[in-house]
Amino acid sequence: MSDKGLEQNPLSAVYSKFRALYYRDVLYRVKFRELSLTTSEVYCVDIIHNLDKPTIQEFSNYVGISSPNATYKVNSLIKKGYVKKVQSETDKREFYLDVTDKYYRYYNIHQKYLDIVEERLSETLSDEEFRIFNDTLNKIYTDILPELSPDDTIDI
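First, a word on what this report is: a plain description of the structure on this page. In this text the structure is predicted, and so the values were computed from the model without any measurement.

Attention shifts here to the packing of helix α3 (residues 39-51) against helix α4 (residues 56-63). One can describe the packing of α3 onto α4 by two numbers: an axis separation of 11 Å at closest approach and a directional angle of 115°. Relative to α4, the element α3 is oriented roughly perpendicular. The hand of the α3/α4 crossing is right-handed. Contacts between α3 and α4 involve Cys44, Ile47, Ile48 and Leu51 from the former and Phe59, Tyr62 and Val63 from the latter. Here the contact of α3 with α4 is built from residues that sort into 7 nonpolar, no polar and no charged.

Here's what the structure looks like:
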């Protein structure tokens, strides 16, 4: 990869590199059947995980697909063992989507790489730089990227 993007927009360059590594891993696993999901299903189960127990309607709204289409995708993920429905304790008519241990076994592969990157950062940056870096990421997550809510949509 060229360093030109890094010079023009460091955030975009880092994000692109992480995305490319993630896509490479997903495509590799789909190709060699280590993952019983399609590429689209991988993205859907990741969204369900990141939305933190959405309803099917919240998932549907977030990804911008019809409720029947969302139900079809969710049922496929349930059948493959990556997602489960959890009944609400307060309203027995309502169900939330949650990921299973099978998802976490897959997800840990990506987490291990992020742990390696974090270790490299802590070795490369001073303690103060590392603290500032983490504080900045926290601000990005909470203040700059609030869109990861089941009710939010974003126009790009």
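Quick look at a nonpolar patch on the surface now. Where nonpolar side chains cluster on the molecular surface, the patch consists of Val14, Phe18, Tyr113, Leu114 and Ile116 and spans about 390 Å² of accessible area. Of all the secondary structure elements, the ones that give two or more residues to the nonpolar patch are α2 (10-31) and α6 (101-124). For the nonpolar patch, the element with the highest residue contribution is α6, accounting for 3 residues. Within the secondary structure layout, tyrosine 113 lies in helix α6.

A few words now on the packing of α4 against helix α5 (residues 67-79). Between two packed helices, the angle of one axis relative to the other and the distance separating the axes together describe the packing. Relative orientation of the contacting elements α4 and α5 amounts to 110°, with a least axis distance of 9 Å. Judged on the interaxial angle alone, α5 and α4 are roughly perpendicular. Here α4 and α5 pass one another in a crossing that is right-handed. Across the interface between the two elements, Ile56, Gln57, Phe59 and Ser60 from α4 touch Ser67, Ala70, Thr71 and Val74 from α5. Looking at the contact of α4 with α5 residue by residue, the class counts come to 4 nonpolar, 4 polar and no charged.

A word on the nonpolar core. Core analysis: the largest hydrophobic core is formed by 18 residues, its most contacted members being Val45, Ile48, Phe59, Leu77 and Leu97. For this core, the elements supplying multiple residues, two or more each, are α2, α3, α4, α5, β2 (95-99) and α6. Per-element tally for this core: the top contributor is α3, with 4 residues.

This part takes up unusual backbone geometry. At aspartate 52, a position not held by glycine, the phi torsion is positive, near 60°. At lysine 53, a position not held by glycine, the phi torsion is positive, near 65°. Overall, lysine 53 belongs to the partly exposed group, its relative accessible area being 42%.

Thresholds, definitions, all that
Residues numbered from 1 in each chain as written. Predicted model: local features only at pLDDT ≥ 70, side-chain atom pairs only at ≥ 80, totals over all residues. Heavy atoms only, no water. Axes fitted to C-alpha atoms, helices over the stretch in contact; angles between N-to-C directions. Helix = DSSP H or I, 4+ residues; strand = E, 2+ residues; numbered from the N terminus. Parallel < 35°, antiparallel > 145°, perpendicular 65-115°, else oblique. Left-handed = near helix turned anticlockwise from the far one by under 90°. Contact = heavy atoms within 4.5 Å. Nonpolar A, V, L, I, M, F, W, Y, C, P; charged D, E, K, R; others polar. Patch = residues over 30% accessible without salt bridge, like charges linked within 9 Å, V, L, I, M, F, W, Y side chains within 5 Å. Areas by Shrake-Rupley, 256 points an atom, 1.4 Å probe, with all protein chains shown as cover. Salt bridge = Lys/Arg side-chain N within 4 Å of Asp/Glu carboxyl O. Core = buried A, V, L, I, M, F, W, Y, C linked by side-chain atoms within 4.5 Å. Buried < 20%, exposed > 50% of the residue type's maximum accessible area, 1.4 Å probe, protein only.

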